[in-house]
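# Structural overview
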Amino acid sequence: MTFESLGLHTSILKALTEAGYTEPTTVQAQAVPAALAGRDLMVSSQTGSGKTAAFMLPALHKFASAEPADESGKTPNQERQSARSRGDRPRFQAAQPKMLVLTPTRELALQVTTATDKYSIYARRIKAVSILGGMPYPKQMQLLSRNPEILVATPGRLIDHMESGKIDFSKLEILVLDEADRMLDMGFIDDIEKIVAATPETRQTMLFSATLDGVVGNMAKRITKDPLVIQIAGSATKHENIQQRVHFVDDLSHKNRVLDHLLRDETMDQAVVFTATKRDADTIADRLNIAGFAAAALHGDMHQGARNRTLDAMRRGQVRVLVATDVAARGIDVPAITHVVNYDLPKFPEDYVHRIGRTGRAGRKGLAISLVNHAEGMNIKRIERFTKQIIPIEVIEGFEPKRTASPSHARKPGGWKPGDSRSAAKPGQRTFSKPAAAPRGEGGGYKGNRDASAPRRSFTDR
Ligand code: AMP
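Note that the coordinates shown come from a computational prediction; the quantities given were computed from them, not determined experimentally.

### Considerations on the site of the ligand
Taken together, 14 residues surround the ligand, and among them Tyr21, Gln28, Gly50, Thr52 and Asp333 come closest. Here an oxygen atom of the ligand and a side-chain polar atom of Tyr21 are 2.5 Å apart. Here Glu23 contributes a backbone N or O atom positioned 2.9 Å from a nitrogen atom of the ligand. If the ligand stood free it would expose 490 Å²; the protein chains cover 84% of that surface. Of the residues assigned to the shell around the ligand, the class counts are three nonpolar, six polar and five charged. Taken domain by domain, the shell around the ligand gets at least three of its residues from each of domain 1 (4-231) and domain 2 (242-432).

### Focus: the sheet that holds strand β9 (residues 270-274)
In space, the six strands of this open sheet follow the order β8-β13-β12-β9-β11-β10, with parallel pairing throughout. Two strands lie at the open edges of the sheet, namely β8 (242-249) and β10 (295-298), each paired on one side alone. Averaged over all neighbouring strand pairs, the angle between strand axes comes to 20°, with direction disregarded. Against the sheet, helix α13 (residues 304-315) makes contact with β9, β10, β11 (321-324) and β12 (337-342), and its axis sits at roughly 140° relative to β10, the strand it touches most.

### Quick word on the packing of aromatic side chains
Under the criterion given, the structure shown has two aromatic pairs. For the ring pair Tyr21 and Tyr119, a centre distance of 5.8 Å and an interplane angle of 65° mean the geometry is edge-to-face. Remark: Tyr119 occurs in helix α5 (residues 106-119) and Tyr21 occurs in the loop between α1 (10-19) and α2 (26-36); sequence separation between them is 98 residues. The partly exposed category is assigned to Tyr21, whose relative accessible area is 27%. Directly above the ring of Tyr122 sits Lys14, whose terminal nitrogen or CZ lies 4.1 Å from the centroid. In this structure, Lys255 packs its charged tip against the face of Tyr343, placed 4.6 Å from the ring centre.

### Side note on the packing of helix α6 (residues 137-145) against helix α7 (residues 155-163)
Following both chains from N to C, one finds α6 and α7 inclined at 70°, their axes separated by 13 Å at the closest point. Comparing the axis directions of α6 and α7 gives the class roughly perpendicular. Between α6 and α7 lies a crossing whose hand is right-handed. Between α6 and α7, the residues in contact are Tyr137, Gln140, Met141 and Leu144 and Arg157, Asp160 and His161, respectively. Grouping the constituent residues of the contact of α6 with α7 by class yields three nonpolar, two polar and two charged.

### Digging into the environment of Leu16
For Leu16, the position within the fold is in helix α1. Separated by 105 residues in sequence, Leu16 and Ile121 have C-alpha atoms that sit 9.8 Å apart. Among all residues touching Leu16, those that are not within four sequence positions of it are Phe3, Leu8, Tyr21, Leu57 and Tyr119.

About the thresholds
Residues numbered from 1 in each chain as written. Predicted model: local features only at pLDDT ≥ 70, side-chain atom pairs only at ≥ 80, totals over all residues. Heavy atoms only, no water. Near = heavy atom within 4 Å. Polar contact = N/O pair within 3.5 Å; in protein donor to acceptor, adjacent residues only side chain to side chain. Areas by Shrake-Rupley, 256 points an atom, 1.4 Å probe, with all protein chains shown as cover. Nonpolar A, V, L, I, M, F, W, Y, C, P; charged D, E, K, R; others polar. Domains from an automatic or database assignment. Pairing = 2+ DSSP bridges. Helix = DSSP H or I, 4+ residues; strand = E, 2+ residues; numbered from the N terminus. Axes fitted to C-alpha atoms, helices over the stretch in contact; angles between N-to-C directions. Contact = heavy atoms within 4.5 Å. Phe/Tyr/Trp six-rings, centres within 6.5 Å; stacked < 30°, edge-to-face > 60°. Buried < 20%, exposed > 50% of the residue type's maximum accessible area, 1.4 Å probe, protein only. Lys NZ or Arg CZ within 6 Å of the ring centre and 35° of its normal. Parallel < 35°, antiparallel > 145°, perpendicular 65-115°, else oblique. Left-handed = near helix turned anticlockwise from the far one by under 90°.

Printed below as a string of structure tokens:
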């Protein structure tokens, strides 16, 4: 399948060629035709699968193909401009977007806006702006006064503008909820309901989420009409292009030594190191800088300007190691990230999936390493149950832990059925993983086999 065969507007095709996209990704191939036909969508697809274009390209096609709306042959924005040039007294008019994309975080919103600008670069009339918490109000008022066709927003700040009459959704045609599961995790359910209630019933609704189970699935069913349900590759969580491994560590000092060693891997271009707390993100970034790494912290206590500058520096390659918390790092899309290191394990297995999705972008290879202390074996087990994948334990020569696995971790990995696993082991056969090769070339110093004191069993071993 090609983008041409999807029948997209020529201005979009030109932009996609320039962006180097040769063919639609799986989620795009399934979602774009249905969205072009006006259908609602409920999509579960893994992060990095190309979901932004899956909802944005059909919307841009619709707007680029639309005729000017009024009798004068002018778009509402051209009409506003003519009124201004006639010297009519400017009076406040609420922005009337045609499309709203809701995202859980500011970073994801900015990324969606940047992608939209890229796809619509030759469709001159279309403007997209981000409305975000942390951005100064005067700046946002200025953006809204341009009456953009597309608003990309985090729920809280959007509600502020809605309630003060700065945004009117009566002309809204398309509503997208991006990473809907995450928005619910972050407690945005009431805000989302309020926003949805302010939009016309006739809208097209597209919901993207890592999972369509449970609360998010129920909400999706409530706000969509006869949706096409798209589940990519049966699982939103496989990340087959990302090698995963666990290194056991004895204590903090051992953990720091292993981290330093991993970051010196010559196959590493850029890395994201995840910590549980903002304070640790700062401390570890400082420590790594002193140790000679080009490191920077990224977390929610930083001002938006500082967060943007850090991300830009990461994109330009000036920062090699980003030390981040979950929320701040969500949605980061930097293709040169070859390594993700879980310095601390995430609280929820879903976050593990989002974290490791920061590497292996757009089909590249990536390596995701979790540094785990002996008491955390259960948490790894929960992650494995969620992803339905076994994460190999590996030992680095010279950095061996005194113990490798807690008794709870040398266990039966319960919770999934034979056939679900990536393993092709036959019943009764024990599966030992080979050391995972680094994304490019040979990774340094990994022992050829798992530490024999902690044999891990596949489900076939029970
Ligand atoms: P997303 O899942 O939307 O965050 O996209 C992940 C990455 O894939 C981004 O860097 C996109 O620019 C890239 N991408 C999206 N669609 C395509 C495509 N059809 N071909 C190549 N790269 C793509």
